Amino acid sequence: VEHTTFFFHPTLPPLPYNSNENRNISIDNMSVLGSLRAAREWAYPTLTKSAFLEKGVLTPEEFVQAGDELVYKCPTWAWEGGEVSKRKAYLPPNKQYLIT
């Protein structure tokens, strides 16, 4: 069974990661991608006020609420907590990202 996981940042569009397509990424490329993700999170701080209608981005609270609704209505989706070292403080520990 092939799974596609989307890593979500509540204020930015998701970056798709398909484990079957990206198996051969070198350590150097993963380091660069990690640096780019960190720079993106630095440049776009976590929202505290809703901007969904203006910019199409969610606050962490809106992200969790939308994810809960998605999981409730579509049982193929589920929350995951992920690795403790990679968790974001602005999201609940057991709701770090969604998988399908």
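Everything below is about the structure shown above.
Here goes a summary of the coordinates provided. (Residues numbered from 1 in each chain as written. Predicted model: local features only at pLDDT ≥ 70, side-chain atom pairs only at ≥ 80, totals over all residues. Heavy atoms only, no water.)

Side note on the pattern of salt bridges
- Within the structure shown, the criterion is met by 3 salt bridges.
- As a salt-bridge pair, aspartate 68 and lysine 95 come within 2.7 Å of each other at their nearest N and O atoms. In this pair, aspartate 68 is assigned in helix 3 (residues 60-73) and lysine 95 in the loop between strand 3 (78-80) and strand 4 (97-99), connecting sequence segments 27 residues apart.
- Its relative accessible area of 30% is what places aspartate 68 among the partly exposed residues.
- Given a relative accessible area of 19%, lysine 95 falls into the buried group.
- A salt bridge links glutamate 83 to lysine 86, with the nearest nitrogen and oxygen atoms 4.0 Å apart. (Salt bridge = Lys/Arg side-chain N within 4 Å of Asp/Glu carboxyl O. Helix = DSSP H or I, 4+ residues; strand = E, 2+ residues; numbered from the N terminus. Buried < 20%, exposed > 50% of the residue type's maximum accessible area, 1.4 Å probe, protein only.)

Describing the nonpolar core
- In this structure, Phe63, Val64, Trp77, Trp79, Leu91 and Leu98 together form the largest nonpolar core, which totals 6 residues.
- Those residues in contact with tryptophan 77, other than ones at most four positions away along the chain, are Leu70, Val71, Leu98, Ile99 and Thr100. (Core = buried A, V, L, I, M, F, W, Y, C linked by side-chain atoms within 4.5 Å. Contact = heavy atoms within 4.5 Å.)

Some details on the packing of aromatic side chains
- Per the counting criterion, the structure on display carries 1 aromatic pair.
- Summarising the aromatic geometry, the rings of phenylalanine 63 and tryptophan 79 are spaced 5.6 Å apart at their centres and angled 85 degrees between planes, so their arrangement reads as edge-to-face. Here tryptophan 79 lies in strand 3 and phenylalanine 63 lies in helix 3, a separation of 16 residues in the sequence. Accessibility assignment for this pair places phenylalanine 63 and tryptophan 79 in one class, buried. (Phe/Tyr/Trp six-rings, centres within 6.5 Å; stacked < 30°, edge-to-face > 60°.)

Notes on the side chain of lysine 95
- Among the polar contacts listed, one links the side chain of lysine 95 to the side chain of aspartate 68, at a separation of 2.7 Å.
- Not counting residues within four places of it along the chain, the set of residues in contact with lysine 95 comprises Val64, Asp68, Trp79 and Glu80. (Polar contact = N/O pair within 3.5 Å; in protein donor to acceptor, adjacent residues only side chain to side chain.)

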